[in-house]
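Survey of secondary and tertiary structure
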2 protein chains.
Amino acid sequence: MLIVQKFGGSSVADAGRVRNVAGIIAENYSFGHDMVVVLSAQGDTTDELLEKAAELNAAPSRRELDMLLATGEQQSIALMALCLESMGLPAVSLTGWQAGIRTNADHGAARIRRVDTERLRRELDKKRIVLVAGFQGVDRFDDYTTLGRGGSDTTAVALAAALHADRCQIFTDVQGVYTADPRKVPGARKLEEITYDEMLELASMGAQVLMNRSVQMAKRYGVELEVLSSLVRAPGTKVKEVTRTMEEMKITGIAKDENVARLTVAKAADRPGIAFRLLHELARAGVDVDMIIQASGRDDANDISFVVARDQAGRAADALTAQKAAIGFDHVSVDTDIAKISVVGAGMMSSSSIAAEVFEAFHDEHINIQMINTSEIKISCVIDAASADRAVKAIHRRFFETA
Amino acid sequence: MLIVQKFGGSSVADAGRVRNVAGIIAENYSFGHDMVVVLSAQGDTTDELLEKAAELNAAPSRRELDMLLATGEQQSIALMALCLESMGLPAVSLTGWQAGIRTNADHGAARIRRVDTERLRRELDKKRIVLVAGFQGVDRFDDYTTLGRGGSDTTAVALAAALHADRCQIFTDVQGVYTADPRKVPGARKLEEITYDEMLELASMGAQVLMNRSVQMAKRYGVELEVLSSLVRAPGTKVKEVTRTMEEMKITGIAKDENVARLTVAKAADRPGIAFRLLHELARAGVDVDMIIQASGRDDANDISFVVARDQAGRAADALTAQKAAIGFDHVSVDTDIAKISVVGAGMMSSSSIAAEVFEAFHDEHINIQMINTSEIKISCVIDAASADRAVKAIHRRFFETA
């Protein structure tokens, strides 16, 4: 069996953690499996390197930043190889380049174009444990690139797809995907399985166990993922196309996203296409818009509200204000005192009563829903920030704790 | 004009030093020169990485150690590129691989086989300042290799040779090559020029401004070197085939080497070939022997003494003791209380009186010479350690301070 494992930066933060991970790898290798292991940079290495760069250049070029950052993962794989060797195991570390990971030239957010598996296969044939630097590759100019946030997950999925791996295990500091944030909701349960689509919705809702790019790639290539803990030896959560629980469970998980803000354009002229103009300006400013509500007012003027990421709200407001005269509105206001509660479940596809149940839960708690957005497998509601935790608990109780 | 510059680890140890070096590079670039700059890892980076490796593996494989160590220089070049970019200068960093430095597979002490200059030429044609990671290359398996101690100097010389550079400047923390250690001998003078051979002799004598491999390579390819300080703007010392001063100056420099020990094999059987047997055992143990003295004693037995590096003395003694019965001798003793004083000068080739003058200087100071070794351009004397500084001063006075 060919297994691809990925360990994040906190799992290899120091010598003790490296030894712990080496133990997990060694155990799997001892069962006779072919092992490809993707590692992130140790602990805070990447942040430390970014600080060093910032000391010298406030606006560093992405090409040179990638050159700098790529060293973090290279150190991790070399150290892990040395640790495995000290245990008497055959190991070889490979940088993204050596592992055949070819990307486009979009430094800092490069996309994997292909994986040349020749070298990987050759090392596996020698029964070596292959350690691959995550998060990195090389472009067609042979320049080092990095894949952006969560890039090591993407590396693992890409290698699993290219090598037709039997398993792709993403080790992290949580034990899997939960029905709600277990730090906030004591009754939260670990899910045995979750579909790619559910995972995608949950990830984008702030439950960032896996980055969306890696889940999307896993879905596209049919790579079954398992999310599990490097510290606690227990089965994690499987991420796959179809799950046994799809029919049984109404919903899969509840997520709270506090990185949201509401942007309200007051007294916009009541002209056709005005919402489009506003959206166009936001897109030009690189702001992603999550929800829109257009409320008809008096005097031929509307208030139009957008939900955007909180850290983009200022930029968004500036971009719209700059076009105030051209577009025609009174002013822009920003409300950051909100939260978005998302309820996710593939079961929604076959049951229309779930939305009603969710709304009822809010109603029972006297929580006012400001905006609503739905997809096939998700309902998102914007509410005031202060009620967010209470809302999650109420929904969790309703769907998971009573039966 | 194409200039290759090399800056050592202490010259780029922190952000302030990096900026200082960037200033030197920028100045030369502003004169319209093509610039290739080789950098070492920052300050103690290499030692820190070795410590991390040692935590995990007491006997690390050189392949993985090279993978780890190569990151130090990669960080240096990326940071320098970012610094130059912040000054508005076009820069590009290249790892050993990207710079086309191909080596043999002797990890940890690899030798450069060739430099594929295509990429370097392309970047220079774009008028970019090219920053190359020193100390590293890749072998024919595309594995990372390092060149061993002083490897960055070798990288600089190899690039200067391959690119037919007009200048090759080695920046370091001293201002050049001196007639004697300026910290010990107040009258020591900086040399304007020195021949390759003189430099080789001085370097191996402990005046380690340049590593011998880089000087040998410079001699072979006729690359004229200049050794100068990255902190003090002053002309340094030129290292070349023939110097103006060869005829004028009797000697060029005096060096003291304290990393020596005398190994004495007591009462060795007086048989032909016994010295060879002993040398053979030392070679097998990887011990370099510098001098040999065989003193005839009574009773068909000899004492044989070797001068070896002090840090190899224990290993050497062990290797010989293990063969005591087979070779036939009484015991091995080690004396570390000695120093080697070397007097170097191409002028010796044409003047036979220099050796006599040197011995006279020792005699005037009542210093006993225990062993002597000479070459065409060097006289080395082993004396007791306590007299070493006095000996250097006396010889320096005789050749440089009186006239």
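What this report covers is the structure whose coordinates are included nearby. Since the model is a prediction, treat every value here as computed from it, not as a measurement.

1. A look at the overall build of chain A
A count of helical and extended segments in chain A gives 12 helices and 20 strands. Across the 403 residues of chain A, 48% fall into the buried class. Sequence-distant contacts in chain A: of pairs separated by 6 or more residues, those separated by 24 or more amount to 74%.

2. Regarding the relation of the copies chain A and chain B
Superposition of chain A onto chain B requires a rotation of 179° combined with a translation of 0.0 Å along the rotation axis, giving an RMSD of 0.3 Å. What the superposition gives is, in effect, a two-fold axis relating one chain to the other. Taking C-alpha positions as reference, the residue of chain A nearest the rotation axis is T71(A), located at 2.5 Å. Interface overlap between copies: 100% of the residues of chain A at the interface are likewise at the interface in chain B, consistent with a symmetric, same-surface contact.

3. Describing the sheet that holds strand β9 (residues 167–172) of chain B
All names here are of chain B. Strands sit in the order β3-β6-β2-β1-β9-β11-β12-β10 across an open sheet of eight strands; the sheet is mixed. Here the strands that pair on one side only, and so sit at the sheet edges, are β3 (91–94) and β10 (193–195). Between one strand axis and the next, the sheet turns through 20° on average, direction left out of account. Where β3 and strand β6 (residues 129–133) come together, four bridges link them in parallel fashion.

4. Focus: the sheet that holds strand β13 (residues 253–257) of chain B
All names here are of chain B. Pairing in this open sheet of four strands is antiparallel, and the strands run β13-β18-β20-β19 from one edge to the other. Each edge of the sheet is formed by a strand with only one pairing partner; in this case those strands are β13 and β19 (371–375). Taking each pair of neighbouring strands and ignoring which way they run, the sheet shows an average axis angle of 20°. The pairing of strand β18 (residues 338–344) with strand β20 (residues 378–384) spans seven bridges and is classified as antiparallel. Along β20, the bridge assignment pairs I338 with D384.

5. Remarks on helix α1 (residues 15–30) of chain A
An α-helical turn contains 3.6 residues, so any two residues separated by three or four positions project in the same direction. An ideal rise of 1.5 Å per residue puts 22 Å on 16 residues; α1(A) measures up with 22 Å between its terminal C-alpha atoms. All of the buried residues in α1(A) are V18(A), V21(A), A22(A), I25(A) and Y29(A). Looking down the long axis of α1(A), one finds its buried residues gathered within 110° of arc, a one-sided arrangement. Along α1(A), exposed side chains directed more than 90 degrees from the buried face belong to G16(A), E27(A) and S30(A). Where α1(A) is buried, its residues contact β1 (2–7), β2 (34–39), α3 (62–86) and β6 (129–133) of chain A together with α2 (45–56) of chain B.

6. Observations regarding the pairing of β20(B)
All names here are of chain B. With six of seven residues buried, β20 lies mostly within the body of the structure. In the sheet, β19 pairs with β20 via five bridges, with the strands oriented antiparallel. Paired with I372 across the strands is C381, a residue of β20. The hairpin formed by β19 and β20 contains two residues between the paired strands.

7. Some details on helix α9 (residues 313–322) of chain B
All names here are of chain B. Turning to α9, its buried residues are A313, A316, A317 and L320. Burial along α9 is one-sided: seen end-on, the buried residues are contained in an arc of 95°. Relative to its buried face, α9 has exposed residues pointing more than 90 degrees away, namely D318 and A322.

8. Focus on the interface of chain A and chain B
Taken residue by residue, the interface counts 25 residues in chain A and 25 residues in chain B. Put simply, the parts of the chain that give the side of chain A that touches chain B at least two residues each are α1, α2 (45–56) and α3 of chain A. Looking at the side of chain A that touches chain B residue by residue, the class counts come to 12 nonpolar, eight polar and five charged.

About the cut-offs
Residues numbered from 1 in each chain as written. Chains lettered and ligands numbered in written order. Predicted model: local features only at pLDDT ≥ 70, side-chain atom pairs only at ≥ 80, totals over all residues. Helix = DSSP H or I, 4+ residues; strand = E, 2+ residues; numbered from the N terminus. Buried ≥ 20, exposed ≤ 12 C-beta atoms within 10 Å, placed from the backbone. Contact = placed C-beta atoms within 7 Å. Least-squares fit on C-alpha atoms with pLDDT ≥ 70 in both. Pairing = 2+ DSSP bridges. Axes fitted to C-alpha atoms, helices over the stretch in contact; angles between N-to-C directions. Expected span 1.5 Å × (residues − 1). Arc of directions from axis to C-beta. Nonpolar A, V, L, I, M, F, W, Y, C, P; charged D, E, K, R; others polar.

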